[in-house]
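If you want the building blocks of each chain, they are given just below.
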Amino acid sequence: MQESFYVGLNLGSSQCYQSVINSDSALRLARLIPTSEQSLRAAFANLNSDVRVHLEAGELSNWVASIIQR
């Protein structure tokens, strides 16, 4: 069975904060990542399952959404 992940992404101009919980509400990952296309792609590359993302609304939201969509 495929595991589900829920990702919260707080966006900043130089760094983003990513937190990942599973369907049992267990925290699987919490980290700061640089705000760059390469770093954002890498941050989501290992989440090979059902992923739901909640982005902070702001100036970077559309750009980040276009990067992390599969």
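This text goes with the structure placed above it.
Residues numbered from 1 in each chain as written. Predicted model: local features only at pLDDT ≥ 70, side-chain atom pairs only at ≥ 80, totals over all residues. Heavy atoms only, no water.

Structural notes on the nonpolar core
- Grouped together as the largest cluster of nonpolar side chains are 14 residues, with contacts concentrated most on L9, C16, L40, F44, L47, V64 and I68.
- Secondary structure elements with two or more residues in this core: β1 (4-10), β2 (15-22), α1 (37-45) and α2 (61-68).
- When near neighbours in sequence (up to four residues on either side) are disregarded, L9 contacts C16, Y17, Q18, L40, F44, H54, L55, E56 and V64. (Core = buried A, V, L, I, M, F, W, Y, C linked by side-chain atoms within 4.5 Å. Buried < 20%, exposed > 50% of the residue type's maximum accessible area, 1.4 Å probe, protein only. Helix = DSSP H or I, 4+ residues; strand = E, 2+ residues; numbered from the N terminus. Contact = heavy atoms within 4.5 Å.)

Here's the deal with the packing of α1 against α2
- Where α1 contacts α2, the two axes come as close as 9 Å, and the packing angle between them is 50°. Of the possible angle classes, the one that applies to α1 and α2 is oblique. Seen along the crossing, α1 lies across α2 with a hand that is right-handed. Of α2, the residues touching α1 (which contributes E37, L40, R41 and F44) are W63, V64, I67 and I68.
- When its residues are assigned to classes, the contact of α1 with α2 shows 6 nonpolar, no polar and 2 charged. (Axes fitted to C-alpha atoms, helices over the stretch in contact; angles between N-to-C directions. Parallel < 35°, antiparallel > 145°, perpendicular 65-115°, else oblique. Left-handed = near helix turned anticlockwise from the far one by under 90°. Nonpolar A, V, L, I, M, F, W, Y, C, P; charged D, E, K, R; others polar.)

Quick look at the sheet that holds strand β3 (residues 27-34)
- Ordered in space as β3-β2-β1-β4, the 4 strands form an open sheet in which the pairing is mixed. Where the open sheet ends on each side, the last strands, each with one partner, are β3 and β4 (50-55). Mean inter-strand twist for the sheet, computed between neighbouring axes without regard to direction, equals 20°.
- Where β1 and β2 come together, 6 bridges link them in antiparallel fashion. Residue pairing across strands places N10 opposite Y17, the latter belonging to β2.
- Where α1 meets the sheet, it contacts β1, β2, β3 and β4, and its direction lies at approximately 170° from that of β3. (Pairing = 2+ DSSP bridges.)

Let's talk about the side chain of S4
- Along the chain, S4 falls in strand β1.
- Overall, S4 belongs to the buried group, its relative accessible area being 16%.
- Polar contacts involving the side chain of S4 include one to the side chain of D50, which spans 3.3 Å. (Polar contact = N/O pair within 3.5 Å; in protein donor to acceptor, adjacent residues only side chain to side chain.)

Points about α2
- Within α2 the residues assigned to the buried category are S61, V64, I67 and I68. For α2, the buried positions fall inside an angular range of 130° around the axis, keeping them on one side.
- Looking at the buried positions of α2, the neighbouring elements they touch are β1, α1 and β4. (Arc of directions from axis to C-beta.)

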